[in-house]
Every structure is written in structure tokens, then in C-alpha cells.
Amino acid sequence: MSIEKVGFDNMWKKELVKEACRKFEGEESSIRLIGGKYQHVFEFTRHNEPCILKLFPIAVKDQKILELELHWMSYLRDKNIKIPESIPSQNGNLIELIPVLPLPFCAVAFQKAEGEKIDINKTIYGNNHFFRMYGQLLGKLHFLSRRSQTEYSLFDQWNEGEIYQIDFSLVDHHILNKWFMYIEQIESFPQTADSYGLIHNDLHLNNFLITKNKEFVLYDFSRTKYHWYTYDIAITIFHIIEKYEPEDKQQFLEHCLLSFMEGYLSESSLDEGWEEQIQFFLDFYEVFVQIEKMARYESVSLHT
């Protein structure tokens, strides 16, 4: 979708997007909106090469946290996790601050990754090899997390950010009671080197590509935080099975989880009881998603 055809809101006026593009030596005429949760991800051309531009309001993402994310991505890249390279601006900066009022924002750019997205309806069901590779990827991320705990202390802990900042008065009381019951249980979980650390927190099928050589390419680390590793596994599995009808989910869960965990445990370890904890977090995350949807819907209704 061309930038000229996009109905930008007050935050992403096309002149601001063009300014951000210029800072990374991009061609303004090549900008097109890709998407993102806040419609903040664009593709553009730089030196005849396709690139990705991401915009983050400072009110949503602090510049220091953005710097930390890029550092974490660089660390993982150095450890042979395939992640697109950051592109420096014409001033040599990986992050460009654009101090426009009333909402200043930061811009970052990356090389466009090669590869294709997974089509769950065509390629996944019954593909044990895919699930094992998927598990290996997450296991390797968690293994590397154990080696870098002290450098990333500014990332949110499990009960900070995200849903923990919304207005719970907008949420159905029955769902909210279940939520607080789950939170109380989570608070009792031990935090050990083999159970708790830096997680991806959003490793669903739309956050990576598969190359022709069947390698995973990750390109979004915007929800990185500290949590239980079993939670990261649970939400990854949740996003795989959510497309299936309720009567098929349990069978598919048992099928994919076996191969997924074989791959995971070949790269990383977990404390005893991880099976039960994954199931717990699957149930917890279902409530998490319900609350997010309720709060988002009610918030939109109040402002329309």
C-alpha cells in the first residue's frame, strides 16, 4: 500500500514518515505501509535495497528500552540466531529521535529479511520436523538468555507492562476473578536459572520467516521481558493451536507439543514439573487474551 493511499492518523502523518525515511537515506517515493500493532511498520528502498522502517512513540516505547532491544538482537545475532541487521542512519545512529510535538517518536531501520511466512493451513499439521525446529529455536533463545541476565535488567519483569497497565474496571468480573486467581498462583512459582529469565514473549507464526534453506529468521523483539520459560513455550503453542476448532485442539496440542519439546530440550533445560506449568500457562494465557480484547473493545467504544 503506497504511503499516498494510506489514511494516516495524527500520529503517523505522511510527512513524519517521510522525514524518518530520509534520516535512513531512504527513497520517499518507495514507502509503503506493512502493518504492525500500531500501523507503525513500513517498507522502503535504500540504495536500491528493500528495508524496513519502524516507528515508536516515546510514550509507548522508551528510547533506552529500544536501545536495549537492539543490543539484545545484536547479541543473539552474534550467537548465530538469524535476525535482520540494523541499518545506521545518515548520522551513524541506530535510533533516530524525531522530537515532533505533541508526540515525539523514535525510528529504527533494518535490512529486509529473506524468506516466507508459514501458512498453518498448508504446511504445519503433521510436520514433526517443523515443530522440532521451532522448539529448538525457542530453546536456544532461552539458553542464551541464561548467559546474559545482568546486562538487561531494565526489561520489564513478568508482572510489569502489557496487560498490567490497563484499566481492569472495563473487564467482566467473572474473567477478572479467574485472572487474580491465576496471578496468585504465579506469585508462588520459584524463579530459578532453569525456570525464569529473558523471554521472547511473542514467538508466533507471523514473527519469523522460513528461508529456502529451512532456517528461521526472527524480526520482532518488541515484547521482550522477564518471565518463566514455560510461559514463553505456552504462548508460542497457544498461537499455533488457536486456529483450530475446539474439538481438534487437544489432539493437535498433544501432537505438536511432543515434537516441539523434543527440539526445545535438545537446546535447553527446564525445572521439574514443566509439563504441568506449560498447561497452567496455556490456561492463563487464554484469560490474558480475553482481558486484552475486552479492555481494547471497551476502550474503543468509550472513544467513539
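For the structure itself, look to the data block above.
### Some words on the overall build of the protein
The number of helices and strands found in the protein is eight helices and nine strands. At 20 Å, the protein has a C-alpha radius of gyration in line with the 19 Å of a compact globule built from 304 residues. For the protein, the spread of C-alpha atoms along the principal axes amounts to about 50 × 50 × 40 Å. For the protein, buried positions account for 49% of its 304 residues. Restricting to contacts in the protein with at least 6 residues of sequence separation, those with at least 24 account for 74%.

### Here we look at the packing of helix 6 (residues 229–241) against helix 7 (residues 246–265)
Direction vectors running N to C along helix 6 and helix 7 enclose 135°, while the axes themselves pass 10 Å from each other. Our classification of the angle between helix 6 and helix 7 gives oblique. With respect to the hand of their crossing, helix 6 and helix 7 are arranged in right-handed fashion. For the pair helix 6 and helix 7, contact is made by Tyr 229, Ile 233, Thr 236, Ile 237, Ile 240 and Ile 241 and by Lys 249, Phe 252, Leu 253, Cys 256, Leu 257, Phe 260, Met 261 and Tyr 264, respectively.

### Quick notes on the environment of Ile 95
With respect to the helices, strands and loops of the structure, Ile 95 is situated in the loop between helix 2 (63–78) and strand 4 (96–98). Note on Ile 95: relative accessible area 11%, which makes it buried. Residues Ile 95 and Ser 29, spaced 66 residues apart in sequence, show a C-alpha to C-alpha distance of 22 Å. With near-sequence residues (within four places) excluded, Ile 95 lies in contact with Gln 63, Leu 66, Glu 67, Leu 70, Cys 106, Ala 107 and Val 108.

### A few points about helix 5 (residues 173–186)
The end-to-end C-alpha distance of helix 5, which contains 14 residues, comes to 20 Å, matching closely the 20 Å that a straight helix rising 1.5 Å per residue would cover. Looking only at helix 5, the buried set comprises Ile 175, Leu 176, Trp 179, Tyr 182, Ile 183 and Ile 186. The buried side chains of helix 5 occupy one side of the element, clustering within an arc of 120° when seen end-on. Looking at helix 5, the residues exposed on the side facing more than 90 degrees away from the buried face are His 173, His 174, Asn 177 and Glu 184. The distance from a side-chain oxygen at the start of helix 5 to the backbone nitrogen of His 174 is 3.0 Å, and the residue carrying that oxygen is Asp 172.

### What to know about the nonpolar core
A general tendency of soluble globular proteins is for nonpolar side chains to be buried together. One finds Phe 208, Ile 237 and Phe 284 to be the most contacted residues of the largest nonpolar core, which totals 76 residues. Counting residues per element, this core draws most heavily on helix 8 (residues 274–302), which supplies eleven residues. The residues touching Phe 208, leaving out its near neighbours within four places in the chain, are Lys 117, Ile 118, Phe 130, Tyr 134, Leu 203, Phe 216, Val 217, Leu 218 and Tyr 219. Counting 18 residues, the second-largest nonpolar core is a separate cluster that includes Leu 16, Phe 24, Ile 31 and Leu 55.

### Quick look at unusual backbone geometry
In this model, Leu 101 is joined to Pro 102 through a cis peptide bond whose omega is 10°. You can see Pro 102 is positioned in the loop between strand 4 and strand 5 (105–111). One non-glycine residue, Glu 162, adopts positive backbone phi at about 45°. Secondary-structure assignment places Glu 162 in the loop between helix 4 (128–146) and helix 5. Classification of Glu 162 by relative accessible area gives partly exposed; the value is 25%.

### Quick notes on the packing of helix 4 against helix 6
The geometry of helix 4 relative to helix 6 is characterised by a closest axis approach of 11 Å and an angle of 155° between their N-to-C directions. Between helix 4 and helix 6, the angle is such that the two are roughly antiparallel. Of the two elements, helix 4 crosses helix 6, and the hand of that crossing is right-handed. Side by side, helix 4 and helix 6 meet where Phe 131, Tyr 134, Leu 138, His 142, Ser 145 and Arg 146 of the first sit next to Tyr 229, Asp 232, Ile 233, Thr 236 and Ile 240 of the second.

### Looking at the packing of aromatic side chains
Counting across every chain of the model gives 32 aromatic pairs. Seen in terms of ring centroids, Tyr 164 and Trp 179 are 5.6 Å apart; in terms of plane orientation they differ by 45°. Their pairing is tilted. Highlighted residues: Tyr 164 in the loop between helix 4 and helix 5 and Trp 179 in helix 5, separated in sequence by 15 residues. The interplanar angle of 35° and the centroid separation of 6.2 Å between the aromatic rings of Phe 168 and Trp 179 together place this pair among those described as tilted. Here Phe 168 is found in the loop between helix 4 and helix 5, whereas its partner Trp 179 is found in helix 5, with eleven residues between them in sequence.

Reading guide: rules and limits
Residues numbered from 1 in each chain as written. Predicted model: local features only at pLDDT ≥ 70, side-chain atom pairs only at ≥ 80, totals over all residues. Heavy atoms only, no water. Helix = DSSP H or I, 4+ residues; strand = E, 2+ residues; numbered from the N terminus. Rg over C-alpha atoms; globule rule 2.2 N^0.38 Å. Buried < 20%, exposed > 50% of the residue type's maximum accessible area, 1.4 Å probe, protein only. Contact = heavy atoms within 4.5 Å. Axes fitted to C-alpha atoms, helices over the stretch in contact; angles between N-to-C directions. Parallel < 35°, antiparallel > 145°, perpendicular 65-115°, else oblique. Left-handed = near helix turned anticlockwise from the far one by under 90°. Expected span 1.5 Å × (residues − 1). Arc of directions from axis to C-beta. Polar contact = N/O pair within 3.5 Å; in protein donor to acceptor, adjacent residues only side chain to side chain. Core = buried A, V, L, I, M, F, W, Y, C linked by side-chain atoms within 4.5 Å. Phe/Tyr/Trp six-rings, centres within 6.5 Å; stacked < 30°, edge-to-face > 60°.

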